[in-house]
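Structural description and commentary
Here's the letter readout for the chains.
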Amino acid sequence: MAKGSTTTTLLRHLEAKHETEGKEVRGKMKPPAPKRKAEEEHPDEPEAKKNSLIKMFAQESDAALDKRITDSIITFLADSGVAFQVVGRSSFVNMIKTANRRIKLKSPKTYMRLTKVKAEEIDKSIRDIIKTIREEGDITSVAFTTDIWTSRSQDAYMSLTIHFIDKFWHLHRFTPFVKPFPQSHTGVNISLGLSDMILELNLKGDAIDLTCVNDNASNMKLGIKLTPGLEQYLCDNHTLELANGGAFKNVEGMANVCKKTKAMAKFTHQSNVALEELKREAAKEGIPFRKLKNPPDTRWSGRYDNLASVLHLKRAIKNLCDDNESWEAFALTQTEWKLVEGAVKCLKPVKRMIKALEGEKEPTMDKVIAEVFNIQTTLRTFINTPGNCGYGIVFARELKAQIEARFPDKGTDRVQRRMANYLSPKFRGAHLDQYEKMESTKQEIEEKIKSYTDIPEDADDTINVDQGDLSPTSKMIKRHEEKLKRMRTLTGPNKSKIRIEMDRYEGYTDPGKNMKSILEWWRQHEAVLPLLASLAKRILAIPASSSKSERVFSTGGNIVTAKKNRLSPKNVECLIEIKENMAMVDNFIMED
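Residues numbered from 1 in each chain as written. Predicted model: local features only at pLDDT ≥ 70, side-chain atom pairs only at ≥ 80, totals over all residues. Heavy atoms only, no water.

**Concerning the overall build of the protein**
Counted only if it meets this: Secondary structure elements follow DSSP: runs of H or I of four or more residues count as helices, runs of E of two or more count as strands, with numbering from the N terminus. Partly exposed describes any residue whose relative accessible area lies between the buried limit of under 20% and the exposed limit of over 50%, with all areas from a 1.4 Å probe on protein chains only and scaled to the type maximum. Per-residue and other accessible areas were derived by the Shrake-Rupley procedure at a 1.4 Å probe size, with only the shown protein chains allowed to occlude residues.
When you go through the protein residue by residue, the secondary structure sums to 26 helices and five strands. Each of the 592 residues in the protein was classed as buried or not, and the buried ones make up 46%. Element-wise, carbon and sulfur atoms account for 51% of the exposed surface of the protein, whose accessible area totals about 31500 Å².

The following block contains the structure:
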């Protein structure tokens, strides 16, 4: 018999043709083992695992599939900024059908209508979130950013973003409003618009600190000033950009340098021939090629990006300007190159500050004074270092003067910045000592906490503070630590609860070391520093810049383009609200 064959055929032949022999062979054969059920094969398999396998292979209902696909397409339309007509094109339909033939796509008009429904759902979710945490007493401070933007189709919009920290020390930000704003942009109209928005969120009249962060436009400043119960904070990035602009304007020759470097970047962006010439020359010089930056005038740090990209390709650009007629108009003199070098060195810490204050996921108010201090220190060092070019020193002096005028006493002129600097475990007011504002800031903190907290005056003053070995990260912080220790020793016994907490807070040994998140630090220490923690939640919720509003209108610019300028203001509003809020709402629900 062949290897691998069976005896079934032979046995059937014997039983059919040779009945006696067949019965004899069948009797000698071993009976086959009975088949076991799946449950008997895997008696220990969990019921949950069996059910999950059933669900895995079960077909999704048509209704559930339709809802999931509809939500995904609406998200795609808002996130990508493509026209509604895209979902009706045969190529898009074929792509979806290739993925799943059961999917039935709707018409572009239907998706347009459903986009409004989705935006209303998200809008309701935001209001429900605010209502719930407000009723539970989780909101103590709300900060807004606001701005006005005019689209390519000449439709004006007013945005309002909201920022707050909940009881779990999570920083949330939503964009509940991107409203069409057809009326004239006067301070009175802006105030009326803001009042209506805040009223819709049901935040008026509550014992909540309301702060609005905005740019330096006179109509916007007036609008917030006229809005009852709303404190104004001017965007620090916008203020810093005004200081930069003043330096570029006042330093002789700098305006002409910027004009040439911007024209150079524009030339390489518009001419492929020029771009390839620059690439080849960079390769000859052994310089890693990077495109020249040509950012819009309105972009923060745009001047630095442009000058830094030109300086990086200096040798290649000089060669082209010397040997190529098409590049001659962009040639920089030796003096102008020195201005570029000096400006790039001086603007590097400015760029770092702008980036630090643009963040959304972590508080930024605590960073302002430290960043201004760093900029001024860098500029002073540059000015006093022998061998630095005189043209660069001229620019550094002007920039330093401009920043000092815009941020007096290294930014310690604003109470929000002072409190945030003290409430930062990394600094604990170290920068405030430079201008003798430490004690006055502590008094301001004490008065602020008393304004919203009922604190009994008869407090126990026996507090054991762990003073351990100090390991500060800078000489200034080390001197500050020693001063705090002396002050605690000299202070009398009659202390308020707030002052006792301050002593405990100042007694920590290098609390900012290895600190990854200021919010996480305060969450961990809320139980032992409840009064200071309550203030930290109020102050750290205020963003130092209005970057969120800038990003909202960047989204709008991606939706209303030269080829898509016929969208109705309502559709633009809905698409922006979905894009800016959907992930935030989903994250809040998951965290909750």
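**So, the packing of aromatic side chains**
As a reminder of what qualifies: For this analysis, a ring pair means two rings from Phe, Tyr or Trp (six-membered ring only for Trp) whose centres lie within 6.5 Å, classed as stacked if their planes differ by under 30 degrees, edge-to-face if by over 60, and tilted for the remaining angles. By the criterion adopted, a ring carries a charge over it if an Arg CZ or a Lys NZ lies within 6 Å of its centre and within 35 degrees of its normal.
Under the counting rule described, the total for this entry stands at 14 aromatic pairs. Aromatic pair Phe 248 and Phe 395: ring centres 5.2 Å apart, planes at 70 degrees, arrangement edge-to-face. Taken together, the positions of Phe 248 in helix H10 (residues 236-250) and Phe 395 in helix H17 (residues 390-406) put the pair 147 residues apart, joining distant regions of the chain. We note that Phe 248, like Phe 395, is buried. Aromatic side chains Tyr 505 and Trp 521 sit 5.9 Å apart centroid to centroid with 65 degrees between the ring planes, which places their arrangement in the edge-to-face category. One end of the pair, Tyr 505, is in helix H22 (residues 497-507); the other, Trp 521, is in helix H23 (residues 518-525), with 16 residues separating them in the sequence. Exposure remark for Tyr 505: the relative accessible area of 0% places this residue in the buried category. Among the aromatic residues, those joined into a ring-pair cluster are Tyr 422, Tyr 505, Tyr 508, Trp 521 and Trp 522. If you follow Arg 303 out to its NZ or CZ, it ends over the ring of Phe 248, 5.1 Å from the centre. Its guanidinium or amino end placed over the ring of Tyr 452, Arg 538 lies 3.6 Å from that ring's centre, counting from NZ or CZ.

**Focus on the pairing of strand S3 (residues 171-180)**
Keep this limit in mind: Two strands pair if DSSP finds at least two bridges between them.
Of all ten residues making up S3, eight are buried, and the element is well covered by its neighbours. In the sheet, strand S2 (residues 156-165) pairs with S3 via eight bridges, with the strands oriented antiparallel. Following the sheet pairing, Met 158 is matched in S3 by Lys 179. In this structure, the hairpin formed by S2 and S3 is closed by a connection of five residues, where Trp 169 is found at a positive phi of approximately 65 degrees.

**Overview of the pairing of strand S1 (residues 141-150)**
For S1, the tally of buried residues reaches nine of ten residues, placing the bulk of the element in the interior. The sheet contact formed by S1 and S2 spans eight bridges and is antiparallel. Bridge pairing in S2 links Thr 145 to Thr 161. Counted along the chain from S1 to the antiparallel partner S2, the turn is five residues long, and its residue Gln 154 has a positive phi close to 65 degrees.

**Regarding the environment of Asp 366**
In plain terms, the rule: Whether two residues touch is decided by their heavy atoms; if any such pair falls within 4.5 Å, the residues are in contact.
By the secondary structure assignment, Asp 366 is in the loop between helix H15 (334-358) and helix H16 (368-384). Distance from Asp 366 to Ala 544, taken between C-alpha atoms, is 8.5 Å for residues 178 residues apart in sequence. If we ignore the near neighbours within four places in the chain, the residues touching Asp 366 are Ala 420, Ser 424, Phe 427, Ile 518 and Leu 540.

**Notes on the state of the cysteines**
Basically, it comes down to this: The rule for a disulfide is simple: a pair of cysteine sulfur atoms within 2.5 Å.
Summed over the entire model, instances satisfying the criterion amount to zero disulfides. No disulfide involves Cys 346; its sulfur sits 9.4 Å from the nearest other cysteine sulfur, which is in Cys 389.

**Quick look at the sheet that holds S2**
Threshold: The convention used is that axes are lines fitted to C-alpha atoms, helices contributing only their stretch in contact, and that angles between N-to-C directions extend from 0 to 180 degrees.
In space, the five strands of this open sheet follow the order S3-S2-S1-S4-S5, with mixed pairing throughout. Whereas interior strands pair on both sides, the edge strands pair on one side only; in this sheet they are S3 and strand S5 (231-234). Direction aside, neighbouring strands of the sheet carry axes that sit 25 degrees apart on average. As paired strands, strand S4 (residues 209-214) and S5 are joined by four bridges and run parallel to one another. If you follow Val 213 over to S5, its bridge partner there is Tyr 233. Against the sheet, helix H7 (residues 108-135) makes contact with S2 and S3, and its axis sits at roughly 135 degrees relative to S3, the strand it touches most. In the packing of helix H8 (residues 187-200) onto the sheet, contacts are made with S1, S2, S3 and S4, and the angle to S2 comes to roughly 45 degrees.

**What to know about the nonpolar core**
Let me state the cut-off plainly: What makes a nonpolar core is a set of buried Ala, Val, Leu, Ile, Met, Phe, Trp, Tyr and Cys residues whose side-chain atoms join them at distances within 4.5 Å.
By size, the foremost hydrophobic cluster in this structure holds 85 residues, and its most contacted members are Met 254, Ile 317, Phe 395, Leu 399, Ile 403 and Trp 522. The element best represented in this core is H15, accounting for eleven residues. What Ile 403 contacts, discounting residues up to four positions off in sequence, is Leu 240, Ala 243, Val 350, Val 372, Ile 375, Gln 376 and Leu 379. Counting 60 residues, the second largest nonpolar core, distinct from the first, contains Phe 84, Ile 130, Met 197 and Met 584.

**Considerations on the confidence of the model for the protein**
Applicable threshold: The predictor attaches a confidence to each residue, called pLDDT, with possible values from 0 through 100.
Overall, the prediction assigns the protein a mean pLDDT of 85, with 82% of residues at 70 or greater. The lowest-confidence element of the protein is helix H3 (residues 38-41), averaging 46 in pLDDT; the highest-confidence one is helix H19 (residues 415-423), averaging 96. With pLDDT under 50 throughout, residues 37-41 is counted as low confidence; its partners more than four residues away or in other chains account for two contacts. Taken as a whole, residues 458-473 scores under 50 in pLDDT and shows 31 contacts with residues more than four places along the chain or in a different chain.

**Brief notes about empty space enclosed by the protein**
To keep things clear, this is the line we draw: A cavity here means a set of points on a 1 Å grid, drawn over the protein atoms and nothing else, where a 1.4 Å probe fits but cannot get out; a pocket is an open set with protein on both sides within 12 Å along at least five of seven lines, and a residue lines either one if it has an atom within 4 Å of a point. Grid points are joined across faces, edges and corners, and a volume is the space filled by probe spheres set on the points.
Counting across every chain of the model gives four cavities of 30 Å³ or more. Estimated volume of the largest cavity: approximately 110 Å³. Broken down by secondary-structure element, the contributors of at least two residues to the lining of the largest cavity are H15 and helix H25 (547-559). In terms of residue count, the dominant contributor to the lining of the largest cavity is H25 (three residues).

**Observations regarding the environment of Met 220**
The residue Met 220 is located in helix H9 (residues 218-225) in this model. Exposure remark for Met 220: the relative accessible area of 3% places this residue in the buried category. Here the alpha-carbon distance between Met 220 and Asp 147, two residues 73 residues apart in the chain, equals 7.7 Å. The contacts of Met 220, once residues within four sequence positions are left out, are Thr 146, Asp 147, Ile 148, Ile 190, Asn 214, Asp 215 and Gln 232.

**Describing unusual backbone geometry**
Backbone geometry at Trp 169 places phi at a positive 65 degrees, although glycine is not the residue there. Within the secondary structure, Trp 169 sits in the loop between S2 and S3. The backbone of Asn 202 sits at a positive phi, close to 60 degrees, despite the residue not being glycine. Within the secondary structure layout, Asn 202 lies in the loop between H8 and S4.

**Topic: the packing of H19 against helix H24 (residues 530-539)**
This is how the line gets drawn: Every angle not falling under 35 degrees, over 145, or within 65 to 115 is termed oblique; those three ranges are roughly parallel, roughly antiparallel and roughly perpendicular. It is the rotation of the near helix from the far one that decides the hand of a crossing: anticlockwise by less than a right angle makes it left-handed, clockwise makes it right-handed. For this classification, the nonpolar set comprises Ala, Val, Leu, Ile, Met, Phe, Trp, Tyr, Cys and Pro, the charged set comprises Asp, Glu, Lys and Arg, and every other residue, Gly included, is treated as polar.
Contact pair H19 / H24: the axes reach a minimum separation of 10 Å and the direction vectors enclose 130 degrees. Here H19 is positioned oblique relative to H24, judged by the angle of their axes. At the point where H19 passes H24, the crossing takes the left-handed sense. Mapping the contact onto sequence places Gln 416, Met 419, Ala 420 and Leu 423 in H19 and Leu 532, Leu 535, Ala 536 and Ile 539 in H24. Tallied by class, residues from the contact of H19 with H24 come to seven nonpolar, one polar and no charged.

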